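Inside the fold
Listed here are the chains, written in short residue letters.
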Amino acid sequence: MNIYSYVLRRLLYVIPILLGVCFLIFILFNVVAGDPTLVLLGKHATLEQMAELRHQLGLDRSLFMQYLDIVKSAFTFDFGRSWVTKQDILYMIKEGTIPSLTLTIPAFTLGTILAIIISLFVSLYRGGKLDKSIVFFCIALMSIPSLAYILFGQWFFAYKMDMFEISGYEFGFPYFIPYILLPGIIWVIISLGPDIRFFRTVILDEVYQDYVRTAKAKGLSENVVLFKHVLKNAMIPIITYVVIQIPFLVLGALLLESFFSIPGLGGITLNAINSSDFPVIKAMTVLSAVGYILFSILTDVLYTVVDPRVRLK
Amino acid sequence: MHLKKTLKSLFKLLPLLWLAACFTKEGEDKGMKVFHYPVAVKIKGIDPIQADDLYSGTEVSRVYDGLLEYHYLKRPFTLQGNLAQDLPTVSDDGLTYTFKIRPGVHFHDNKCFKNSIGRELVADDIRYTFMRNADPKENSKGWWMIDGKIKGLDDWRKNPDYSQDIEGLKVIDEHTFSFTLNEPFPQFLYALAMPFSFIVPRECVEHYGQEFLNHPVGTGPYTLDTFNQSNKIVYQRNKKFRDKFYPTEAAEEFVKRGLLKDAGKKLPFFDKIVVEVMVESQPRWLKFQDGKIDFIAIPKDNFSSVLTSEMELTDEMKQKEIELLIEPSQDVSYTAFNHDLPLFQNKKLRQALAMATNGDEYNKLFFNGTALVAQSIVPPGLAGYDEKFQNPYRQYNLEKAKKLLAEAGYPEGKGLPEITLDGTNSTDARQMAEFTKMSLEKLGLKIKTIQNPWPELQNKIKLRKGMMHSIAWLADYPDAESFFAILYGPNGSPGANGSNYNDPVFNKMVKEASTMQDSPERTALYTKMNRYIAEEVPVIFELHRTSVVVQHAWIKNFVVGDFAHDRSMYINVDTKQKERLLEEKF
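To start, this report covers the structure provided alongside it.

1. Some remarks on the overall build of chain A
Assigned secondary structure in chain A consists of 14 helices and zero strands. Listing the helices and strands of chain A from first to last along the sequence gives α-α-α-α-α-α-α-α-α-α-α-α-α-α. Summarising its shape, the C-alpha atoms of chain A cover approximately 85 × 60 × 35 Å along the three principal directions. The proportion of buried residues among the 313 residues of chain A is 49%. With an accessible surface of roughly 15,000 Å², chain A has 69% of that area assigned to carbon and sulfur atoms. Taking the average place of the 24 positive charges on the side chains of chain A and the average place of its 21 negative ones, the gap between the two points comes to 11 Å.

2. Concerning the overall build of chain B
Counting secondary structure elements, chain B contains 20 helices and 21 strands. Its C-alpha radius of gyration of 26 Å places chain B within 12% of the 25 Å reference for a compact globule of 586 residues. Structurally, chain B occupies a C-alpha span of about 75 × 75 × 60 Å along its principal axes. Relative to its 586 residues, chain B shows a buried fraction of 59%. Restricting to contacts in chain B with at least 6 residues of sequence separation, those with at least 24 account for 70%. Averaging the locations of the 76 positively and 80 negatively charged side chains of chain B gives two centres separated by 5 Å.

3. Topic: unusual backbone geometry
Leaving glycine aside, a negative phi is the common case for residues, and trans is the common case for peptide bonds. With an omega of 0°, the peptide bond between A:Phe173 and A:Pro174 qualifies as cis. For A:Pro174, the location among the structural elements is in the loop between helix H7 (146–160) and helix H8 (177–207). A cis geometry characterises the amide bond from B:Arg75 onward to B:Pro76, with omega recorded as -5°. One can find B:Pro76 in the loop between strand S2 (68–70) and strand S3 (79–81). Residues other than glycine seldom take positive phi values, yet A:Lys86 does so here, at roughly 65°. Structurally, A:Lys86 is set in the loop between helix H4 (63–76) and helix H5 (89–123). Accessibility expressed as a relative area gives 25% for A:Lys86, which makes it partly exposed.

4. A closer look at the interface of chain B and chain A
The interface of chain B with chain A comprises 59 residues on the first partner and 60 residues on the second. Here chain B and chain A share an interface that buries about 5,300 Å² over both sides, 57% of which is from carbon and sulfur atoms. Taken together, chain B and chain A are joined by three salt bridges. The residue A:Arg81 makes a salt bridge to B:Glu211 at a minimum N-O spacing of 2.9 Å. Taken together, the links from chain B to chain A amount to 17 residue pairs in polar contact (both at pLDDT 80 or more). Mapped by element, the contributors of at least two residues to the side of chain B that touches chain A are helix H1 (2–20), helix H4 (143–146), helix H9 (281–289), helix H16 (454–462) and strand S17 (468–474) of chain B. Grouping the constituent residues of the side of chain B that touches chain A by class yields 26 nonpolar, 14 polar and 19 charged.

5. A closer look at the nonpolar core
By size, the foremost hydrophobic cluster in this structure holds 126 residues, and its most contacted members are B:Leu67, B:Phe99, B:Phe179, B:Phe188 and B:Ile377. No other element matches helix H3 (residues 123–134) of chain B, which puts six residues into this core. With 49 residues, the next largest nonpolar core counts A:Ala115, A:Tyr159, A:Ile177 and A:Ile186 among its residues.

6. What to know about empty space enclosed by the protein
A full pass over the atoms with the stated rule returns seven cavities of 30 Å³ or more. For the largest cavity, the calculated volume is near 240 Å³. Taken together, 21 residues line the largest cavity, and the ones lying closest to its centre are A:Gln87, A:Met92, A:Ile268, B:Gln229 and B:Ser230. Those elements giving two or more residues to the lining of the largest cavity turn out to be H5 and helix H13 (265–274) of chain A.

7. Some thoughts on H16(B)
Burial analysis of H16(B) places seven of its nine residues in the buried class, the great majority of the element. Buried within H16(B) are the following residues: B:Pro455, B:Leu457, B:Gln458, B:Asn459, B:Lys460, B:Ile461 and B:Lys462. The inward-facing, buried residues of H16(B) contact helix H2 (37–40) and H13 of chain A together with strand S15 (419–424), strand S16 (447–452) and S17 of chain B. With its phi angle positive at about 60°, B:Arg464 sits one or two positions after the end of H16(B).

8. What about the state of the cysteines?
Residue and element names in this part refer to chain B. Under the definition given, this model contains one disulfide over all chains. Between the sulfur of Cys112 and that of Cys204 lies a disulfide, 2.0 Å long from S to S. Handedness here is read from the sign of the S-S torsion; for Cys112 and Cys204, about 60°, the answer is right-handed. Here Cys112 is found in the loop between strand S5 (96–100) and H3, whereas its partner Cys204 is found in helix H7 (residues 202–208), with 92 residues between them in sequence. The buried category is assigned to Cys112, whose relative accessible area is 10%.

9. Some thoughts on the packing of aromatic side chains
Residues and elements named next belong to chain B. If you walk through the whole model with that rule in mind, you get 50 aromatic pairs over all chains. Arranged with centres 5.9 Å apart and planes meeting at 25°, the rings of Phe107 and Phe113 form a pair that is stacked. You can call Phe107 buried: its relative accessible area is 1%. Through a chain of ring-to-ring contacts, the aromatic side chains of Tyr97, Phe99, Phe130, Phe177, Phe179, Phe185 and Phe188 assemble into a single cluster. For Arg62, the ring lying beneath its charged end belongs to Tyr37, and the centroid distance is 4.3 Å. For Lys149, the ring lying beneath its charged end belongs to Phe185, and the centroid distance is 4.5 Å.

10. Quick look at a nonpolar patch on the surface
All names here are of chain A. On the surface, a cluster of nonpolar side chains totalling about 440 Å² of accessible area is made up of Leu8, Leu12, Ile15, Leu19 and Phe75. The element contributing the most residues to the nonpolar patch is helix H1 (residues 3–32), with four residues. On the secondary structure map, Ile15 appears in helix H1. The class for Ile15 is partly exposed, based on a relative accessible area of 39%.

11. A closer look at the sheet that holds S5(B)
All names here are of chain B. The strand order across the open sheet formed by four strands is S4-S5-S7-S6, and the pairing between neighbours is antiparallel. Two strands close off the open sheet at either side, each with one partner strand: strand S4 (89–90) and strand S6 (169–173). In the sheet, S5 pairs with strand S7 (residues 176–180) via five bridges, with the strands oriented antiparallel. By the bridge assignment, Thr98 is partnered in S7 with Ser178.

12. A look at the packing of H7(A) against H8(A)
Residues and elements named next belong to chain A. Following both chains from N to C, one finds H7 and H8 inclined at 140°, their axes separated by 10 Å at the closest point. As for how H7 packs across H8, the hand of that crossing is right-handed. On H8, the residues that touch Ser146, Tyr149, Ile150, Gly153, Gln154, Phe157 and Ala158 of H7 are Leu182, Ile186, Ile189 and Ile190. Considered class by class, the residues forming the contact of H7 with H8 number eight nonpolar, three polar and no charged.

Thresholds, definitions, all that
- Residues numbered from 1 in each chain as written.
- Chains lettered and ligands numbered in written order.
- Predicted model: local features only at pLDDT ≥ 70, side-chain atom pairs only at ≥ 80, totals over all residues.
- Heavy atoms only, no water.
- Helix = DSSP H or I, 4+ residues; strand = E, 2+ residues; numbered from the N terminus.
- Buried < 20%, exposed > 50% of the residue type's maximum accessible area, 1.4 Å probe, protein only.
- Areas by Shrake-Rupley, 256 points an atom, 1.4 Å probe, with all protein chains shown as cover.
- Lys, Arg positive; Asp, Glu negative; His and termini not counted.
- Charge placed at Lys NZ, Arg CZ, Asp CG, Glu CD.
- Rg over C-alpha atoms; globule rule 2.2 N^0.38 Å.
- Contact = heavy atoms within 4.5 Å.
- Buried area = accessible area lost by both parts, 1.4 Å probe.
- Salt bridge = Lys/Arg side-chain N within 4 Å of Asp/Glu carboxyl O.
- Polar contact = N/O pair within 3.5 Å; in protein donor to acceptor, adjacent residues only side chain to side chain.
- Nonpolar A, V, L, I, M, F, W, Y, C, P; charged D, E, K, R; others polar.
- Core = buried A, V, L, I, M, F, W, Y, C linked by side-chain atoms within 4.5 Å.
- 1 Å grid on protein atoms, 1.4 Å probe; cavity = no way out; pocket = protein on both sides within 12 Å on 5 of 7 lines; lining within 4 Å.
- Points joined across faces, edges and corners; volume = space filled by probe spheres on them.
- Disulfide = S-S within 2.5 Å.
- Phe/Tyr/Trp six-rings, centres within 6.5 Å; stacked < 30°, edge-to-face > 60°.
- Lys NZ or Arg CZ within 6 Å of the ring centre and 35° of its normal.
- Patch = residues over 30% accessible without salt bridge, like charges linked within 9 Å, V, L, I, M, F, W, Y side chains within 5 Å.
- Pairing = 2+ DSSP bridges.
- Axes fitted to C-alpha atoms, helices over the stretch in contact; angles between N-to-C directions.
- Left-handed = near helix turned anticlockwise from the far one by under 90°.

None of this, on its own, says anything about what the molecule does.
See below:
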């Protein structure tokens, strides 16, 4: 099967999956969840006002019609307006995506590259002092809650040392850079521990393979063996681990966004949950599901690129 | 090898990143008076009819004006004319209020107006504003304030047509307007000072449609420049703002604080206001300590670094010349019983539970002792509050509580079902719920705490689910009626009375007080009602909180107060002092 028909077939799978996602959203928000008008109308709401608002929001229509509304918005990406801010939801998402991505993409890229390099390096010295120290260091990094890095980093590096902005965000290049440096560094530190441990394990599985011994016997340098042979063969699990995280980068880093006052999608989603802004929650759920599906297709396609033995069926 | 090259290029880019880090927009504000204002919540929008919390009310007040306002420096809170030239003339029957509108007041320049130039505010704008408040399609959160009060408005609401005349909303001429009420309503003037009733121009509401919430156009001292509800809101001084001057009179406490130094000067003082949204307390606190925001309500966890046990500023704060402002909030926090359940019809049970919770300890643990243990529903500063009154059921006494519980028919808690206690899911609320649970379990009760997201808690209360819940109530206006409303039977869920307490004796007193003008008789009745409620214990009264705010010395005229929504107009900054202090102390 060629790559195009594989991708097309996988894309067709999106339809039943999205219908299922819509059904789950429908059950959660239109059947299980309580009446959103109670929250939307505030502390002095009257029954008459609630009935009027339910009518305006289409919540008095039949359940089937409400389900169809969700399906329609999922397939047209027309999510309407937020019940709370009255803004167009796609505009809100666009506005939130930019700050989220300016933080997460550089931090994620740098963190992943650093983790791969360190893992390759320590795999050369498996069982040695350096390897043990790095593993110990990773466990130590993972043992500290991420909130501690944020609180300490913000207090020490931004406030005491005055090296970074304490919090905030400015739209537009290059104005956002001062605001994403510290949260970006913290992201890298938080991700290093689990990433190095995972990549190290994956790479170690490869370095004891016969082909590595053969390559070394041929007299190839350590660098060539590591970067050309080992890394290439370790790429499949690495790609799976890395690519599948990408759609979640758009969702931002909730805790970092919150502490550094970065107006990203994480905060928008949390705010929507706290104010019963169902259309925004629905939009974020649908988009996350679509993102997850698309990137899992991309992962499959990338397998064939890094390993010609893989055939798409 | 390629990887190595890429990495080398990345390292070469690092100095460029650091250089880029020097690009800030701070230089833009040089020479300007800028107010750096922190908020802890995301602002939903800036539309008067949606401003149902303190935060939205404050943002609305920067852009919009009402007919009336509270005098900035008089206490108790005193109403005065704002867009109205003065207080209204009231007809002999107390039903018709006639206002003279200030001439020459213009809306902000905006593309919704002809030639994008703001037109003059006229009496018809007031008529439109109140009709919009009543229009069911607009979902006004302020409708409750005038529901059933203005003649003909409730009928109009059934089939809204803005071309129709309404008896109770009369445009007499361009600058004269009158309201006619169905029956005397002493709190009506307060309604006119609430953000819900601030005046909006019809053409702009229609031009922006649903987006009007994000494109405010008013007559206020500031115009909106940038609006991002989760980042920052920037306002610029309204260059066409009418002649409005800083007050020349003040309450004694404010005279002593030197708040009349700017008396008679034209308002507003700031060229720009930057509202920074910071949900977490640490960045707010660090930015304050760094001099980047001008004031802050002291976060709970930073109390000990700011105040000594004698409630004085610590040396570190004094060294930075930081100033302390303390003002009781007009609110009450309480744990409500669901009176729909026969269990809580038992007065002795309610009294026992109230007596078993230690208010002083609660205050010390969660508010560093700054709040006041509530003896009943009315907070200090309002008619009906009695400073000396001690509610016998709010004096912690475990033995007496046990005795009362036995008299209620549940010795050592035997025979009682497991009681659920609902609250929000914030860390503070969780800890407070645990405290209440531990207190009540000492009586032998079995308590299950349930943490809910705010919408879920609201749902439970409005649908009369649950057994007990913790909540707080802030005054809508400086009148005890605002607090009695939350225990008034006809206001039961989904109304404001979430406890569903329905006591004919109390209801009768509320009804009687509702048509009484402010007078010694009404104050006496309020006091009686407050004591009656203390004895009945329809809810466990917890605290009246206090605003504890610190500000930098360069900020002048700052007043803490629940109704000072528009304070940013009166606040000033000494820019030279700010430069000096930032250089020397920060």
